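Geometric and topological summary
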Amino acid sequence: MSAQQIPASVDPQVQPAIQMVDVHKWYGDFHVLRDINLNVRRGERIVICGPSGSGKSTMIRCINRLEEHQKGRIIVDGVELLDDLKRIDEVRRDVGMVFQHFNLFPHLTILENCTLAPIWVKKMPKREAEEVAMHYLTRVKIPEQANKYPGQLSGGQQQRVAIARSLCMSPKIMLFDEPTSALDPEMVKEVLDTMVGLAEEGMTMLCVTHEMGFARQVADRVIFMDYGQIVEMNTPDEFFRNPQHERTRLFLSQILH
Amino acid sequence: MSTAVDMPRFVRAKQVEALPPPNLARGPIAWVRQNLFSGPFNTILTLVVFYLLYVSVPPLLKFLIIDAVWTGSDRAACRADTGGSESGACWAFIWDKLNYFIYGSYTISERWRVNIFFALLAIGVVWLLWLRAPRRDLGAVYFFWIFPIVSYILLTGGNASFSGRFWAGFAILGALVIALFAFFAALLKTAMRPALIMAGAIVAVIGITLALIDVDFGLAHVPTSLWGGILVTLLVATVGIVVSLPFGILLALGRRSRLPIVRMASVIFIEFVRGVPLITVLIMANTMLPLFLPGDMTVDRLLRPLIGTALFASAYMAEVVRGGLQAMPKGQYEGAMSLGLNYPQMMTLIILPQALRIVIPGIVNTFIGLFKDTSLVAIVGIFDLVKTIEASRIDPNWAAPTIGITGYAFAALFYFIFCFGMSRYSLGVERRLAAGQKR
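Notes on the structure in this doc start here. Everything numeric here is computed off the predicted structure, so don't read it as measured data.

**So, unusual backbone geometry**
Phi at Tyr227(A) takes a positive value of approximately 50 degrees, unusual for a residue other than glycine. With respect to the helices, strands and loops of the structure, Tyr227(A) is situated in the loop between strand E9 (221–226) and strand E10 (229–234). Classification of Tyr227(A) as exposed rests on a relative accessible area of 57%. Although it is not a glycine, Arg135(B) adopts a positive phi angle of roughly 45 degrees. For Arg135(B), the position within the fold is in the loop between helix H4 (111–129) and helix H5 (136–156).

Okay, here's the thing in structure tokens:
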């Protein structure tokens, strides 16, 4: 299952959005990612699930180098992640990330949260950045909150702001790290709706989540991870109807009541 | 509608409207009863405090104001044997010596320059501290660059007359700085152009500064040995505060750096400076600094303790700032990094504004400590306010029993006004910053 074939000569037209080749990572002595091989095509939506501590967050955090891998290669949009700080910033510019705890900047207003990176990283004029920000805030349906501070918003609203903040950088790839796990049940849907909308527009998405309804609805592939390895990967249909690996079956029986 | 607790089923039929809170009895008597005499222990405490106030405040007011001597030109006014009053403070003495307390022995005909310095300082402080002042970015340029240059020229007279050799040395040093920045940019694999621009800007700013100091404006030279009083106290405190905050931030960042050499250097500096008393630092700066420098180079007598106090305060500031950095959740770093912000952007835009806000009480505490510690420069022979009072106290013209107490009361009042001002200002800032972000 693990070894996916990497084409020897890479045609730029069909070059994958993300290539992970034989990636390993250790936290001290703990082998947290083992033999990760994954190609993500442009426009592909991938949902990653698995028990806690299985390395799924670590894996997607390696893609924008919030975590460093120690072995193997990660190539994001044609740029290999090495120690070169400048290229890492380049990759981060093109890869948006949404966190479990939002990580909005509490000392800035919603609008400032959204315009900060376009102004400072992309050197966009302030007025233009504000227009872009309002466009995306409208899209996530909270333009009227633009001048409030994050602490004044509900969890679901904050997470939608976080999504808008990432979108303001017009990323090519979006990473979601358990975006709905910290939300009250009533707010999960508004965030998922936003993500579905994004998926329908053809954004390349990697999403760590246990929202299986979301996986069924939008995912092209579902990945199940355990013990730092990719245990099973399949289309959502097959994955839920006919899981192959014993560990997958056990996991699904635990979460689908 | 009341709800019985043992009802097996319940469906609300009517929404309960929001009502105003019940009107609690509020009046001066209710307040006194609730806050001062709410129980036997509280009542005893209240009575004890009232008694202490009764014992201490009236005599103090009597001494400082009611019985005080306000006019007089020499000791006669404050001595009982010459018909004066000895039971109150001798403010006539302060009034007579006020110029000495403010300027020290600064050349009398040039004291207008000190007054301009005070005015410029006040403008800079208000511009920076008044949060709604216009163009505070320009205010920062003024306060951290223009104001120091102008003050230096005003107070010393400028016209440093650097030699050609000095300028050659500066050119070499400037080139070295630019090369060093380029080297580090290459080492860290960051963009070369901003590094070069930054290095060039630093060299240019220093160069312009030196050139301005070099110009002869026709002002008479006033050696620092003549400076004294409030001028020196404010100067040492301002330089200490202005240097210690940025330098302390750099040290705190250095201490958390991943580069071992930077981290080690910061830790050694902080721990060494914090590990010795300020007096030691001052004496070392005064007597040992000249030993380390080449023979023909001298450091000004006032500059030595100035550097000493600034470095001392920086070490304390570094630890305060580090506390704030420590309190920042990891998610803020990750949020900033995931947007593609580089390290300086992340620090200046996201982390430091929040971290510094957390430690405003600690920062102001350090400032207040520094402000009062400036009186220690007297140890190395600098005539700050306290030292000028000490010197005036033994003036035979003013030999009277209440002179010493009056002098120290004046010093206490001066320090209290500034320290209390800082404290209140910081409280205001905290409240203002917290208001916007709280629910």
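Following the structure, the description resumes.
**Comments concerning the interface of chain B and chain A**
Every contact between the two is made by 26 residues of chain B and, on the other side, 30 residues of chain A. In this structure, the connection of chain B to chain A is made through one salt bridge. We note a salt bridge from Glu334(B) to Arg61(A), for which the minimum N-O separation is 2.5 Å. Taken together, the connections running from chain B to chain A amount to six residue pairs in polar contact (both at pLDDT 80 or more). At the level of secondary structure, the elements contributing two or more residues to the side of chain B that touches chain A comprise helix H12 (330–338), helix H13 (343–358) and helix H16 (403–437) of chain B. With eight residues, the top contributor of residues to the side of chain B that touches chain A is H12(B). Its residues assigned to classes, the side of chain B that touches chain A shows nine nonpolar, eleven polar and six charged.

**Looking at the sheet that holds strand E8 (residues 204–208) of chain A**
All names here are of chain A. Strand order across the open sheet formed by six strands is E6-E7-E8-E3-E9-E10, with mixed pairing between neighbours. Single-partner strands in this sheet number two, and they are strand E6 (95–98) and E10. Strand-to-strand twist in this sheet, taken as the mean axis angle between neighbours without regard to direction, amounts to 20 degrees. In the sheet, strand E7 (residues 173–177) pairs with E8 via five bridges, with the strands oriented parallel. Bridge pairing in E8 places Ile173 opposite Thr204. The sheet strands contacting helix H6 (residues 185–200) are strand E3 (45–49), E7 and E8, and the helix crosses E8 at an angle near 150 degrees.

**Overview of the packing of aromatic side chains**
Residue and element names in this part refer to chain B. Applying the stated criterion across every chain, the model contains 24 aromatic pairs over all chains. Taking 5.8 Å as the distance between ring centres and 15 degrees as the angle between the ring planes, the aromatic pair formed by Phe117 and Phe147 counts as stacked. Here Phe147 lies in helix H5 and Phe117 lies in helix H4, a separation of 30 residues in the sequence. A relative accessible area of 2% places Phe117 in the buried class. Look at Phe147 and you get buried, because its relative accessible area is 6%. Aromatic side chains Phe143 and Phe147 sit 5.5 Å apart centroid to centroid with 15 degrees between the ring planes, which places their arrangement in the stacked category. On the criterion of helical spacing, the pair formed by Phe143 and Phe147 is a turn pair, its members being four residues apart in helix H5.

**Some words on the state of the cysteines**
Residues and elements named next belong to chain B. Throughout the structure, instances matching the rule amount to one disulfide over all chains. What pairs with Cys78 in a disulfide is Cys90, and their sulfur atoms sit 1.8 Å apart. Taking the sign of the torsion about the S-S bond as the criterion, the disulfide between Cys78 and Cys90, at about 75 degrees, is right-handed. In this pair, Cys78 sits in the loop between helix H2 (40–66) and helix H3 (91–103) while Cys90 sits in the loop between H2 and H3, placing the two residues twelve residues apart along the sequence. When its relative accessible area of 0% is taken as the criterion, Cys78 is described as buried. On the basis of relative accessibility, which here comes to 0%, the residue Cys90 falls in the buried class.

**Considerations on the sheet that holds strand E4 (residues 71–76) of chain A**
Residue and element names in this part refer to chain A. Taken in spatial order, the four strands make up an open sheet running E2-E1-E4-E5, and their pairing is antiparallel. Looking at which strands have only one partner, the edges of the open sheet turn out to be strand E2 (30–40) and strand E5 (79–80). Bridging between strand E1 (residues 18–27) and E4 involves five bridges; their strand directions are antiparallel. For Val21, the partnering residue across the bridge sits in E4 and is Arg73.

Analysis parameters
Residues numbered from 1 in each chain as written. Chains lettered and ligands numbered in written order. Predicted model: local features only at pLDDT ≥ 70, side-chain atom pairs only at ≥ 80, totals over all residues. Heavy atoms only, no water. Helix = DSSP H or I, 4+ residues; strand = E, 2+ residues; numbered from the N terminus. Buried < 20%, exposed > 50% of the residue type's maximum accessible area, 1.4 Å probe, protein only. Contact = heavy atoms within 4.5 Å. Salt bridge = Lys/Arg side-chain N within 4 Å of Asp/Glu carboxyl O. Polar contact = N/O pair within 3.5 Å; in protein donor to acceptor, adjacent residues only side chain to side chain. Nonpolar A, V, L, I, M, F, W, Y, C, P; charged D, E, K, R; others polar. Pairing = 2+ DSSP bridges. Axes fitted to C-alpha atoms, helices over the stretch in contact; angles between N-to-C directions. Phe/Tyr/Trp six-rings, centres within 6.5 Å; stacked < 30°, edge-to-face > 60°. Disulfide = S-S within 2.5 Å.

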